[in-house]
Amino acid sequence: MPGKLKVKIIAGRNLPVMDRSSDTTDAFVEIKLGTVTYKTDVCRKTLNPQWNSEWYKFEMEDAELQDEPLQIRLMDYDTYSANDAIGKVYLNLNPLLLPSSLVVSQDYSNLPNNQVKGLTISGWLPVYDTMHGIRGEVNIVVKLDLFEDFNRFRQSSCGIQFFSSSMIPEGYELKAIHGFVEELVFADDPEYQWIDKIRTPRSTNEARQTLFFKLNGQVKRKIGLKVLDIGANSVVGYKQCFDLEGECGVVVRGLGTAVTLDPITSLEFQETKREPSPLCRRSSDSDISVVPRGNSLVITDKPNKPIPAVRPTEPLDMGEYPFLTLTKYPAGFIQHIGGVVSARAVKLLGVDEAETRDSWWTELRLEVRSHARALACNAVIAYSEHTTVWDDVCILSASGTAAVISQNPNIKQMDNDETGCSIYHIPYNEASHPFRMKLSKCLQCKNGKVGEILLSTADLMDGSNVDGKGSLIQASVTRVKRECKGEMNAKEVSDALPFIEYELHTQLMHRLSSSGCNGIIGLKVEICLGERILVGYATGTGIRLSALPPPLSPTENVGNDCGGGNVGVPPDGFLISTTQGIPGASAVGLVPVRNLQMFTQIWKAKMCPLPSSASISSQFHRLLQGVYFKLRGMTPCALANLKVKVDLPQPDDLQISVVGMAVGLAEIEKHLNNCNSNIDGIELKMSRVDEESAKNTPTNRPSRKSIHTPPREQRYGVDVTPLCYVPGARISNYLGNLNFFFIRESSCIRESGGLSSFVHGFVAEVLAIVRAHVTAIGGNALISYTMSECYLMNNTHKNQAQCLINVGGDAVFVKYTECNV
């Protein structure tokens with residue numbers, strides 16, 4: 001499917017001063033795609049140049065359009081010396097490669113005319129420099145014309161839609177699940193390929209950014225080819241990871257679940273109740289005829305021709321690995337949950353072939369699959385993979401939840417499923433297992449057997465009976481190791497892993513007991529490797545399931561065992577969850593229209609002596625205390641989808657990052673009475689209407705019901721949220737999956753306000769760039785936002801720091817629901 005890409009450079013604004021003698025800039029633009037480069041004319045002596053250039057045309061195959069980002073570089077022209085770089089813009093072209101029917105619909109009536117066309121990107125995009133940050137903006141228009149290509153041997157996968165969403169996207173229905181798809185690519189890291197060992201920061205950083213954008217496109221294209229081959233049209237639950245292996249290179253991995261999705265015919269489909277996550281449905285209208293293959297799981301909604309549910313002993317034909325990366329599933333799809341299954345491996349780096357790394361992951365996946373089969377389960381849900389690298393040692397981890405899934409989510413497997421408890425009945429026979437286990441009768445149906453506790457990496461299943469509210473469960477373990485290299489280092493790490501996992505499990509059991517819970521959902525367990533220390537940490541949401549036995553009474557030494565400490569009880573008015581919803585919270589209270597805010601907290605410091613389990617927990621608690629303080633104006637408030645990441649980027653350094661979504665919890669009456677108010681969670685900015693009304697005397701102050709505020713989309717820019725939806729809004733269109741990798745370096749940290757100012761300023765710039773790109777493709781929100789990498793290195797004595805951030809999500813256009821007062 002060859003294509004013709006046309007690019008037009010309109011103007012620039014707020015460019016930096018590059019000529020100190022005149023306080024102006026002689027700017028021109030270089031446009032590069034693949035090996036072809038164009039240049040605009042030079043606009044002399046202005047910080048707001050107007051180029052209005054001709055159309056620059058690139059003709060290439062669609063496989064190249066998928067792999068190569070469009071690079072727009074702004075330069076300052078110098079007559080007697082080399083031209084100076086102002087900054088660059090990397091433009092992902094994959095949103096242009098989606099079928100036009102996917103993007104254009106009658107729901108786009110509110111968009112400007114220049115954004116209605118499905119194959120056009122236009123708008124102001126920030127110009128970014130790795131040494132100075134954002135340096136102005138450039139206005140561009142990009143158009144793409146694709147020609148039909150029915151070559152069965154083509155190397156592109158145009159028409160395949162990727163979703164970071166961990167549930168079936170809203171507005172579409174699931175027709176078939178085809179199974180697990182993954183791919184990885186390997187390349188040399190420019191950071192370690194210096195010429196004569198002389199490193200120039202800007203050129204090296206730009207070379208790395210360009211490489212990461214290219215690898216991102218290659219991974220998606222290769223996964224898309226696999227999706228086409230098995231007869232699917234979309235990838236849901238897509239996750240992408242960058243494994244920085246130092247001198248060995250960089251590995252980019254992508255994994256997800258291949259599915260067939262169809263759109264719901266009516267655009268005004270009935271919205272389901274959320275807690276807060278809905279039963280979402282979605283499809284990609286591919287131009288390729290999609291026929292489910294023999295290894296797919298077909299979903300039917302015809303009541304007269306039901307497909308029987310898969311029995312625990314029946315193998316499910318979903319390819320080599322029956323893994324699903326989604327964390328939330330339609331009601332009735334999950335029949336039984338067996339428990340968490342995981343596998344870890346320690347590998348010695350130094351091999352440069354991607355095939356070798358493929359074999360490493362194959363071994364790990366086979367082990368996870370065998371664990372699931374030992375529990376009489378036919379699938380692994382909420383599956384994820386993780387790596388940690390230090391020097392020449394790499395720890396690979398794979399985990400998920402073993403489960404029995406049904407071929408038809410509309411059919412209940414057991415009669416007592418009406419109570420919502422059969423999903424927690426064990427699918428295996430305890431007599432066939434060689435180890436002891438504590439089982440009891442289900443407290444709801446009094447028939448099936450359930451375990452003493454439940455551990456799951458997935459979200460809470462629909463229909464589950466939960467007593468009380470969910471609570472945050474956290475545990476951490478540290479283990480000091482010797483400073484050694486090569487095989488000795490790998491052996492010591494490998495010997496320590498079983499003890500770390502055992503201590504983590506012991507801590508989690510104590511946390512459950514002390515919090516009055518008997519289950520953990522959204523469980524995340526990861527291992528972090530440093531020069532002299534190993535850190536294991538776990539986070540999850542504790543719940544009390546009615547079907548399981550009541551939790552044991554806490555012992556006197558709970559909270560002190562294993563030296564982990566507890567994360568502390570949140571203040572009144574706050575609920576915390578590591579999942580999309582807050583278990584036990586009111587669905588109505590979780591859907592305010594305006595009272596929501598995403599937050600990002602990053603902390604890093606030297607730990608002398610080495611960090612202990614108690615110090616990690618206390619620092620995490622301090623981070624949360626800062627979040628509570630900043631969000632105090634939103635109470636009652638829920639912190640949903642809280643994601644914690646611990647890193648050891650340098651010797652004796654500890655870094656903790658927290659990302660989540662704050663959603664206001666208000667009673668219906670309070671919500672209606674205050675629906676015209678606008679509270680921004682972090683900065684607590686009052687709306688202009690409130691400021692004007694605050695100046696009036698109490699007797700003359702107008703009623704809130706009589707104050708008119710503009711719709712949310714007119715008062716806000718682009719909403720960014722780690723949730724799979726925007727609270728108080730309905731998703732009209734999915735515009736593509738975006739992934740960005742940025743590098744920021746500075747040699748004047750103290751002068752810029754310190755390391756904290758450097759890092760959080762960089763995060764703010766990244767979010768500003770992301771919002772601009774979402775707007776350019778016609779969106780007004782980015783959902784399923786993830787910050788998969790935040791790698792921070794600094795040298796206090798040299799006043800230097802470097803930070804690498806990888807973010808991504810699904811660009812969407814949403815319509816906001818206004819309050820009826």
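By convention here, each chain's residues receive numbers from 1 onward along its written sequence. Local features are withheld for residues below a pLDDT of 70 in this predicted model, meaning they are given only at 70 or higher, and side-chain atom pairs are given and counted only at 80 or more; totals for whole chains, interfaces and linings count all residues. Side-chain metrics rest on all non-hydrogen atoms present in the structure, leaving aside hydrogens and water.

### Comments concerning the sheet that holds strand β14 (residues 334–348)
Strands pair, by our definition, only if DSSP identifies at least two bridges between them. Every helix listed is a DSSP run of H or I at least four residues long, and every strand listed is a run of E at least two residues long, numbered separately from the N terminus. Sheet architecture is open: three strands sit in the order β14-β16-β15, paired in antiparallel fashion. Sheet topology places β14 and β15 (379–390) at the edges, where each strand pairs with a single neighbour. Strand-to-strand twist across the sheet, computed as the mean angle between neighbouring axes with direction ignored, equals 10 degrees. Note: β15 against strand β16 (residues 393–405), 10 bridges, orientation antiparallel. Looking at β16, one finds that Trp-390 is bridged to Val-393. Any two residues having at least one pair of non-hydrogen atoms within 4.5 Å are treated as being in contact. Where helices are involved, their axes are fitted lines through C-alpha atoms of the stretch in contact, as for all axes, and angles between N-to-C directions lie from 0 to 180°. Sitting on the sheet, helix α4 (residues 354–374) touches β14, β15 and β16, and the angle it makes with β14 is about 150 degrees. Across the sheet, helix α5 (residues 486–515) is in contact with β14 and β16; its angle to β14 comes to roughly 155 degrees.

### Observations regarding the packing of aromatic side chains
A ring pair, where both rings are aromatic, is described by two values, the distance of the centres and the angle of the planes. Centres within 6.5 Å are what make two rings of Phe, Tyr or Trp a pair, Trp counting through its six-membered ring; a difference in plane orientation under 30 degrees is then read as stacked, over 60 as edge-to-face, and the rest as tilted. Under the criterion given, the structure shown has 18 aromatic pairs. With centroids separated by 5.5 Å and ring planes inclined at 85 degrees, the aromatic side chains of Phe-180 and Tyr-383 adopt a geometry described as edge-to-face. Linking Phe-180 in strand β10 (residues 172–187) with Tyr-383 in strand β15, this pair joins segments that are 203 residues apart in sequence. Both residues of the pair, Phe-180 and Tyr-383, belong to the buried class. A ring is considered to have a charge above it if a Lys NZ or an Arg CZ atom is located within 6 Å of its centre and within 35 degrees of its normal. Above the plane of the ring of Trp-55 lies Lys-6, whose end atom (NZ or CZ) is 5.5 Å from the centre. The lysine or arginine in question, Lys-220, covers the ring of Phe-162, its NZ or CZ lying 5.8 Å from the ring centre. A 1.4 Å probe rolled over the protein chains alone gives each residue an accessible area, and that area as a share of the maximum for its type sets the label: buried under 20%, exposed over 50%, partly exposed in between.

### Details of the nonpolar core
In this structure, Leu-5, Ile-9, Leu-70, Leu-74, Val-142 and Tyr-785 are the most contacted members of the largest nonpolar core, which totals 76 residues. Here the element with the most residues in this core is helix α10 (residues 755–776); it accounts for 11 residues. When near neighbours in sequence (up to four residues on either side) are disregarded, Ile-9 contacts Val-29, Ile-31, Thr-40, Trp-51, Asn-52, Ser-53, Ile-72, Val-138, Asn-139 and Ile-140. Of all hydrophobic cores here, the second largest spans 43 residues; its members include Leu-174, Ile-177, Ile-334 and Val-450. To qualify as a nonpolar core, a set must consist of buried Ala, Val, Leu, Ile, Met, Phe, Trp, Tyr and Cys residues joined through side-chain atoms within 4.5 Å.

### Comments concerning the pattern of salt bridges
Whenever a carboxyl oxygen of Asp or Glu lies within 4 Å of a side-chain nitrogen of Lys or Arg, that contact is scored as a salt bridge. For the structure shown, the criterion picks out 32 salt bridges. For Arg-73, the salt bridge goes to Glu-206, with nearest N and O atoms at 3.1 Å. With Arg-73 in strand β5 (residues 70–76) and Glu-206 in helix α3 (residues 201–229), this residue pair connects regions lying 133 residues apart in the sequence. Accessibility expressed as a relative area gives 22% for Arg-73, which makes it partly exposed. The partner of Asp-243 in a salt bridge is Arg-253, and the shortest N-O contact between them spans 2.7 Å. Remark: Arg-253 occurs in strand β12 (residues 250–263) and Asp-243 occurs in strand β11 (residues 234–244); sequence separation between them is 10 residues. The class for Asp-243 is buried, based on a relative accessible area of 6%.

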